[in-house]
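Working through the structure, step by step
Here are the chains, one letter per residue:
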Amino acid sequence: MGRDPRRDLLAGLTVAIVALPLALGFGVSSGLGAEAGLATAVVAGALAAFFGGSSLQVSGPTGAMTVVLVPIVAQYGPGGVLTVGLIAGAMLIALALLRAGRYMAYIPASVVEGFTLGIACVVGLQQVPNALGVAEPDGDKVLVVTWRAVEEFVRAPDWTALALALGVMLVMLLGARWRPTVPFSIVAVIAATAAVQVLHLDTAALIGTLPSGLPAPSLAFLHPGALGSLLAPAVAVAALAALESLLSAQVADGMTVGQKHDPDKELFGQGLANIAAPLFGGVPATGAIARTAVNVRTGASSRLAALTHAAVLAVIVFAAAPLVSRIPLAALAGVLLATAVRMVEVGSLRAMARATRADALILVLTALATLALDLVHAVIIGLVAAGALALRSVARQARMDEIPLDHDDHNDEEHALLAEHIVAYRLDGPLFFAAAHRFLLELSEVADVRVVILRMSRVSTIDATGALVLKDAVQKLNRRGITVLASGIRPEHRQVLDSTGTLALLRPDGRAYATTPEAIAGARARLEGAGLLSPLPSPHSRTTVQEPT
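These numbers were taken from a predicted model, which means no experiment stands behind them.

Next up on the list: the overall build of the protein chain. Along the backbone of the protein chain there are 24 helices and seven strands. Each of the 549 residues in the protein chain was classed as buried or not, and the buried ones make up 50%. Expressed as a percentage of contacts within the protein chain between residues at least 6 apart in sequence, the contacts between residues at least 24 apart total 81%. Within the structure as shown, the protein chain displays about 25600 Å² of accessible surface, and the carbon and sulfur contribution to it stands at 62%.

This brings us to the pattern of salt bridges. In this structure the tally under the stated criterion is four salt bridges. A salt bridge links D264 to R99; the nearest nitrogen and oxygen atoms lie 3.8 Å apart. Highlighted residues: D264 in helix α11 (residues 263-279) and R99 in the loop between α4 (78-97) and α5 (109-126), separated in sequence by 165 residues. Between D428 and R426 there is a salt bridge, with the nearest N and O atoms lying 3.6 Å from each other. Assessed through its relative accessible area of 11%, D428 is described here as buried.

On the surface, F50, F51 and F268 cluster together into a nonpolar patch covering about 270 Å² of accessible area. For F268, a relative accessible area of 30% corresponds to the partly exposed category.

The subject of this paragraph is helix α15 (residues 329-343). Between the first and last C-alpha of α15 there are 21 Å, a value that for 15 residues agrees with the 21 Å anticipated at 1.5 Å per step. Along α15, 12 of the 15 residues are buried, which leaves the element largely enclosed by surrounding structure. The inward-facing, buried residues of α15 abut α1 (5-30), α5, α6 (128-132), α8 (159-178) and α9 (184-198).

What counts as what
- Residues numbered from 1 in each chain as written.
- Predicted model: local features only at pLDDT ≥ 70, side-chain atom pairs only at ≥ 80, totals over all residues.
- Heavy atoms only, no water.
- Helix = DSSP H or I, 4+ residues; strand = E, 2+ residues; numbered from the N terminus.
- Buried < 20%, exposed > 50% of the residue type's maximum accessible area, 1.4 Å probe, protein only.
- Contact = heavy atoms within 4.5 Å.
- Areas by Shrake-Rupley, 256 points an atom, 1.4 Å probe, with all protein chains shown as cover.
- Salt bridge = Lys/Arg side-chain N within 4 Å of Asp/Glu carboxyl O.
- Patch = residues over 30% accessible without salt bridge, like charges linked within 9 Å, V, L, I, M, F, W, Y side chains within 5 Å.
- Expected span 1.5 Å × (residues − 1).

Next comes the structure, spelled out in structure tokens:
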């Protein structure tokens, strides 16, 4: 923190200016009020910066967390949200102690892009009532609430709030293209607030302003008896906090050279932040990708920048609360609408859609599930779909091909006679539950021969299902009088084959064949014993007799 404090202090000030309207807006959207958003940005931002595993991460209230909190507020009230935050914080610390941070890297990119798109849509739709200047209708489904808000606006349209929200959104989006380093969000909010005060616009059409003085919220935690019903929401909040924070830290690493976060330490820091924030009336927090990106772009090099961001916001809470309270909600709606638009990376979505059909399907499915259900269910659905499609793809790689018999040690007549009685197949790829049944069908349809040789050196993996299916196929061939031999069985596959009784069937003479030529020699010996082939003459008896001239 002492390497380049000047740059860190400037970066922290810039991030605080960007974070102020976002903290206010996400606090209002969560249902606990603007003061809850500011408390979260200050308390969680400071603790996560100090104890977290990333030097550049900026934490606070986010749109993704707001999406999860809205139904909790609707069902349990503010006390439910504060209690859920405490439980989720404890869960995050437990995940850190279990060193679970590394496993977040296994979430497919298509699932991440899908729920990011879904979150952006939900965050945007949540702002529709404030942007239209109507009271927020009842309901916990964002699509239903949005539709009711539009119906109410159509019945009695008032364009003041809508013009204000769209103006703020356009200033932010166009300004970011023109001068990316300038915090146009605070510029737009100040201009909108000034316009309301100077022009004496109808504040009723703006659905009021923020609470005057930003009073300290009451710590209305739920009774311990209600904790059981809050475990599922707490799991959802903890999962989202872990996922979004680690993704944000990974983004920060990618934007810099030499920075690498500690995922388990990051979970620990986020856990402490989420335990402390509710004690000050704040909502659950996560690492914020947008604010973290601003922090990196403005030259931050240590935790001092994120700590400065929290300190500046704390000063604003205590020194400028009367001024902040004059910000119209429609202006904050415009800030969050612009944030939702900027969350959508069109290039990433296009690349994911063009990559494979499976990636495109997972992306769309996750995004739709986010809109229709909730974020946690959407991620679960996306992971299940990704796993199923991955298994399908891997299963298709498994093949069984007939291979020619070794011709080197036999003349043409002997080779033709062997080929009449022996057929060899090479198994490629995984032999597991998703692909094994195809082998059963293919092996069962083998033509009428006396010996089948399975070359198994290229089998990548075998599970119990694959071994049992293979055993079933061998037994069916044996009942038809066909002997099955195997060559090249890997040592790591012997246990599963032996435990299911398959290995004994593949070694009817008690021998394990290392190579296919050895298996062919063993098959020939069996055919000779059955009287189907004549014994080969010994090398010493093979002499050439010349006829007299």
